[in-house]
Amino acid sequence: AASMKVNWTATNGSEGYEVWYSTAQNGSYTLAGTTTECTFIQNNLIIGTTYYYKVRAYKTVKDGKDYSVYTSVKSLTLPVPKA
């Protein structure tokens, strides 16, 4: 298993970010986690696999959370270590 670090640009007025991922660009996305930083490390990933990420900002409002639109999807591949 390996880790992937994802970075993005801050959104003014946001309280935090949700990071979503998939192994298929047009597939179903799963919430990897939330953070208040502009970086997120996802662990226990499979080497040699391409992962697709999108992020959305949020802020707390009276009735729950208000979300931004998702960022464009970015792909990252975990390289296979060279022998």
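These remarks concern the structure in this document. The shown structure was predicted, so the numbers you read here are calculated from the model rather than taken from an experiment.

### Some details on the overall build of the chain
The number of helices and strands found in the chain is zero helices and seven strands. Along its sequence from the N terminus, the chain presents helices and strands in the succession β-β-β-β-β-β-β. With respect to the principal axes defined by its C-alpha atoms, the chain has extents near 55 × 25 × 20 Å. Across the 83 residues of the chain, 30% fall into the buried class. Nonlocal contacts in the chain, meaning residues at least 24 apart in sequence, comprise 61% of its contacts between residues at least 6 apart. Here the chain holds 8 positive side-chain charges and 5 negative ones, and the gap between their average locations is 10 Å.

### Details of the environment of W8
Along the polypeptide, W8 turns up in the loop between β1 (2-7) and β2 (16-22). Taking the relative accessible area as the measure of exposure, W8 reaches 14% and is therefore buried. W8 sits 69 residues away from T77 along the chain, and the two C-alpha atoms are 17 Å apart. Every residue in contact with W8, bar those within four places of it in the chain, is listed here: Y17, V19, T35, E37, C38, T39, F40 and V55.

### Here's the deal with the pattern of salt bridges
For the coordinates displayed, the defined rule picks out one salt bridge. Residue E18 pairs with R56 through a salt bridge whose shortest N-O separation is 2.8 Å. Note that E18 is positioned in strand β2 and R56 in strand β5 (residues 50-61), a separation of 38 residues in sequence. On the accessibility criterion, R56 (17% relative accessible area) is buried.

### Quick word on unusual backbone geometry
Most peptide bonds take the trans form, and the phi angle of most residues other than glycine is negative. In this structure, N44 is a non-glycine residue whose phi angle is positive, near 60 degrees. Tracing the sequence through the fold places N44 in strand β4 (residues 39-45).

### Some words on the packing of aromatic side chains
When we look at a pair of aromatic rings, we describe it by the centre distance and by the angle of the planes. For the structure on display, the rule yields five aromatic pairs. Between Y21 and Y53, the aromatic rings sit 6.4 Å apart at their centres with planes inclined by 35 degrees, giving tilted as the arrangement. Within this pair, whereas Y21 is found in strand β2, its partner Y53 is found in strand β5, the two being separated by 32 residues in sequence. The exposure class assigned to Y21 is partly exposed, which follows from its relative accessible area of 22%.

### What about the side chain of T35?
Tracing the chain through its elements places T35 in strand β3 (residues 30-35). Within polar-contact distance, the side chain of T35 engages the backbone nitrogen of E37 at 3.1 Å. Not counting residues up to four positions away in its chain, the partners in contact with T35 are W8, G16, Y17 and F40.

Cut-offs used in this document
Residues numbered from 1 in each chain as written. Predicted model: local features only at pLDDT ≥ 70, side-chain atom pairs only at ≥ 80, totals over all residues. Heavy atoms only, no water. Helix = DSSP H or I, 4+ residues; strand = E, 2+ residues; numbered from the N terminus. Buried < 20%, exposed > 50% of the residue type's maximum accessible area, 1.4 Å probe, protein only. Contact = heavy atoms within 4.5 Å. Lys, Arg positive; Asp, Glu negative; His and termini not counted. Charge placed at Lys NZ, Arg CZ, Asp CG, Glu CD. Salt bridge = Lys/Arg side-chain N within 4 Å of Asp/Glu carboxyl O. Phe/Tyr/Trp six-rings, centres within 6.5 Å; stacked < 30°, edge-to-face > 60°. Polar contact = N/O pair within 3.5 Å; in protein donor to acceptor, adjacent residues only side chain to side chain.

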